[in-house]
Amino acid sequence: MSIVSIDSEIGRLEGVVLLNPGNEVERMTPDNAKAALYSDILNKKIMQEEYSVFRNVLSKWTKVYEIRELLAESIESNYDLRVGLIKESCKIDKCEFIVEELKSFTAGKLAETLIEGYEYDAKTYPKEYSSERFCLKPLYNFFFTRDTASVIFDTVLVNPMASKARCRERVIIDFIFTYYFKAKTFSALDFDETALTEGGDILIARHDTICIGQGKRTNEKGILSLVEYFKQRKSVFNIVVQELPEKESFIHLDMVFTFLDKNICMIYAPLIEKLPVFNGFKTTHIRIDNGKVNYYDRNNLLQALKELKFDLRPVYCGGSDAWFQDREQWHSGANFFALGEGKVIGYERNQHTIEALSNAGFSIMPANEFSVEKLNNTSQPVVITLKGSELPRGGGGARCMTLPVKRSAVQW
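As the structure is a computational prediction, the values presented were derived from the model and not from experiment. Each chain carries its own residue numbering, running from 1 in the written order of its sequence. Given that this is a predicted model, residues contribute local features only at a pLDDT of at least 70 and side-chain atom pairs are listed and counted only at 80 or more, while totals for whole chains, interfaces and linings are drawn from all residues. As a rule here, side-chain values cover all heavy atoms of the structure and leave hydrogens and water aside.

Some words on the sheet that holds strand β6 (residues 155-158)
Move 1: Taken together, the 3 strands give an open sheet; going across it, the order is β5-β6-β7, and neighbouring strands pair in mixed fashion. Of all strands in the sheet, those with a lone pairing partner are β5 (149-152) and β7 (185-186), marking the two edges.
Move 2: With 2 bridges joining them, β6 and β7 adopt parallel strand pairing. Of the residues in β7, the one forming a bridge with L157 is F186.
Move 3: In the packing of helix α6 (residues 167-179) onto the sheet, the strands contacted are β5, β6 and β7, and the crossing angle to β6 comes to about 165 degrees. For two strands to be treated as a pair, DSSP must find at least two bridges joining them. In this text, helices come from DSSP runs of H or I with a minimum length of four residues, and strands from runs of E with a minimum of two, each type numbered from the N-terminal end. Should any heavy atoms of two residues lie within 4.5 Å, those residues are counted as being in contact. The axes are straight lines fitted to the C-alpha atoms, using for helices just the contacting stretch, and the angles between their N-to-C directions are given from 0 to 180°.

Have a look at this one:
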């Protein structure tokens, strides 16, 4: 696949980029977990078992690309590109002293090392270089492939990333989209060097509309950069911005809102419907019209989308009880990923959310019983339920763990 194309969250999935959790998971300790953006350390064996079921569903349905394989293939035949990637990666982690050593690695070993980290060797390098065990840091968060890049229509937004712990992910994903997929890329940094965007905050609603979360990971400068980008390329375009609390479980818009079908969405109701505690978090419709940009305050995200002819029926994360809404939102209860229109996957553990989907007309299909034939032969919307204990503790759901590169077009 040399062409990327995404014009909705729900079109039939035709290609997705994943990263199987590997040794980087076991290189997290209680001491470095916070800097690595985790509140706890994770069990690799259980994570991999859970992830393999998730990957199996996707690989039966669509073309799956694995980042380690894409990276190794991209650097295999071009030595200059390989050296450039090594130098840029080492510069970020201030370990340029290992550049010559990494140059000698095979493509496969280098791809693995750039993701899993490189252990400091006290016998080879002076002690002053050693501040912790790994001089090239493991990329603990990279299995959340969603955040590093966003395919927006036929172009790839490479996201700056808010945390230093994730900056090297951006370098790798940019390399892959440029040299493997041969895609056009851009960045909010092209417009403002202080701009921040992350993929969990960017939802492609339709060919003329995107939704963006503004909070801890995507800032106002990032959003204004996208306004400038689309102003130059679209005669009429809409950006609906939802302000988010700067709290751990609200890091991205897709933790409180995801599309399930053309007329159904999953929401964390207290924020999206603006209960009093969330009254101060603004919803803004940014309208681009032949070079002019107008800003309109809206009551909430659903109202803003309704005015743009999205007639969305919300399903409540956690059901109707506020207690369960909070509990299940914490474990990515609103974070669903669509394989196609009305065909979504999410965590089984959020039982009140799954029950709410059942009450909304979704049939339930356990991930370990998934088959393409079953999915295609039902006229009902379907939720595929994924067992998870370690994966949810990582702080993300099915949408977080997927980077779609191509979907079929949706007829609106």
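Focus on the side chain of K343
Move 1: Mapped onto the secondary structure, K343 falls in strand β17 (residues 343-347).
Move 2: In this structure K343 is buried but unpaired, with D261 as the nearest side chain of opposite charge at 7.8 Å.
Move 3: The residues touching K343, leaving out its near neighbours within four places in the chain, are W61, L260, F337, A338, L375, N376 and V382. Burial classes: relative accessible area under 20% of the type maximum marks a residue as buried, over 50% as exposed, and values in between as partly exposed (1.4 Å probe, protein chains only). For this count, His and the chain ends are skipped, Lys and Arg are scored as positive, and Asp and Glu as negative. Criterion for a salt bridge: a side-chain nitrogen of Lys or Arg within 4 Å of a carboxyl oxygen of Asp or Glu.

So, the sheet that holds strand β12 (residues 264-267)
Move 1: Strands sit in the order β11-β12-β15 across an open sheet of 3 strands; the sheet is mixed. In the strand order of this sheet, the two ends are held by β11 (257-261) and β15 (313-316), each with one partner. For this sheet the average axis-to-axis angle between neighbouring strands, irrespective of direction, equals 30 degrees.
Move 2: Judged from the 4 bridges that link them, β11 and β12 form a sheet pairing that is antiparallel. Among the inter-strand pairings, D261 is bridged to a residue of β12, identified as I264.
Move 3: Running over the sheet, helix α11 (residues 351-359) touches β11, β12 and β15 and is turned about 145 degrees from β15.

Thoughts on the nonpolar core
Move 1: To define a nonpolar core, start from buried Ala, Val, Leu, Ile, Met, Phe, Trp, Tyr and Cys residues and group those joined through side-chain atoms within 4.5 Å. Counting 64 residues, the largest nonpolar core has I98, F177 and F230 as its most contacted members.
Move 2: Apart from residues no more than four positions distant in its own chain, F177 is found in contact with V4, A149, V151, V156, K182, A183, T185, L403 and V405.

Points about the layout of surface pockets
Move 1: Quantified by volume, the largest pocket comes out at close to 570 Å³.
Move 2: Every definition here rests on a 1 Å grid over the protein atoms only: cavities are sets of points where a 1.4 Å probe fits but cannot get out, pockets are open sets enclosed by protein on both sides within 12 Å along at least five of seven lines, and lining residues have some atom within 4 Å of a point. Every residue lining the largest pocket is counted, 26 residues in all, and those nearest its centre are L37, R217, E248, I251 and G395.
Move 3: Following the grouping adopted for this structure description, the nonpolar residues are Ala, Val, Leu, Ile, Met, Phe, Trp, Tyr, Cys and Pro, the charged ones are Asp, Glu, Lys and Arg, and the polar ones are all others, Gly among them. Taken together, the residues of the lining of the largest pocket sort by class into 9 nonpolar, 9 polar and 8 charged. Grid points are joined across faces, edges and corners, and a volume is the space filled by probe spheres set on the points.

Description of the packing of helix α3 (residues 79-92) against α6
Move 1: Closest axis-to-axis distance for the α3/α6 pair is 9 Å, and the angle between their directions is 160 degrees. Here α6 runs roughly antiparallel to α3, going by the angle between their axes. When you trace α3 past α6, the crossing you get is right-handed. Contacts between α3 and α6 involve L81, L85, E88, S89 and I92 on the former and, on the latter, C167, R168, V171, F175 and Y179.
Move 2: Tallied by class, residues from the contact of α3 with α6 come to 7 nonpolar, 1 polar and 2 charged. Should an angle lie under 35 degrees it is considered roughly parallel, over 145 roughly antiparallel, and from 65 to 115 roughly perpendicular; all remaining angles are considered oblique. Crossing handedness: left-handed means the near helix sits turned counterclockwise from the far one by under a right angle, and right-handed means the same turn made clockwise.

Observations regarding helix α5 (residues 107-116)
Within an α-helix, residues lying three or four positions from one another point in the same direction, as the helix has 3.6 residues per turn.
Move 1: Counted residue by residue, α5 has 7 buried out of 10 residues, so it is predominantly covered.
Move 2: Within the sequence span of α5, burial applies to A107, L110, A111, T113, L114, I115 and E116.
Move 3: Looking one or two residues beyond α5, the residue adopting positive phi is G117, at roughly 95 degrees.

Here we look at the pattern of salt bridges
Move 1: The final tally for this structure, using the stated rule, is 23 salt bridges.
Move 2: The salt bridge involving E198 is made with R217; its shortest N-O contact spans 3.1 Å. Of this pair, E198 sits in the loop between β7 and β8 (202-206) while R217 sits in the loop between β9 (209-214) and α7 (220-231), and the two are 19 residues apart along the sequence. Neither residue differs from the other here; E198 and R217 are each classed as buried.
Move 3: The salt bridge involving D254 is made with R399; its shortest N-O contact spans 2.8 Å. Highlighted residues: D254 in the loop between β10 (236-243) and β11 and R399 in the loop between α13 (390-393) and β20 (403-407), separated in sequence by 145 residues. You'll find D254 and R399 in the same group, each marked buried.
Move 4: Residues participating in the shared-partner salt-bridge network are E24, E66, R68 and E116.

Side note on the side chain of D261
Move 1: Residue position: D261 is located in strand β11.
Move 2: Aside from chain neighbours lying at most four places away, what touches D261 is I10, L312, E341 and G342.

What about empty space enclosed by the protein?
Move 1: What the rule picks out here adds up to 2 cavities of 30 Å³ or more.
Move 2: Roughly 100 Å³ of volume is contained in the largest cavity.
Move 3: Along the wall of the largest cavity there are 14 residues; nearest its centre are E9, R146, V151, R399 and P404.
Move 4: Counting only elements with at least two residues in the lining of the largest cavity, the list comes to β5, β8 and β20.
Move 5: Here the residues of the lining of the largest cavity sort into 7 nonpolar, 3 polar and 4 charged.
Move 6: The calculated volume of the second largest cavity comes to roughly 30 Å³.

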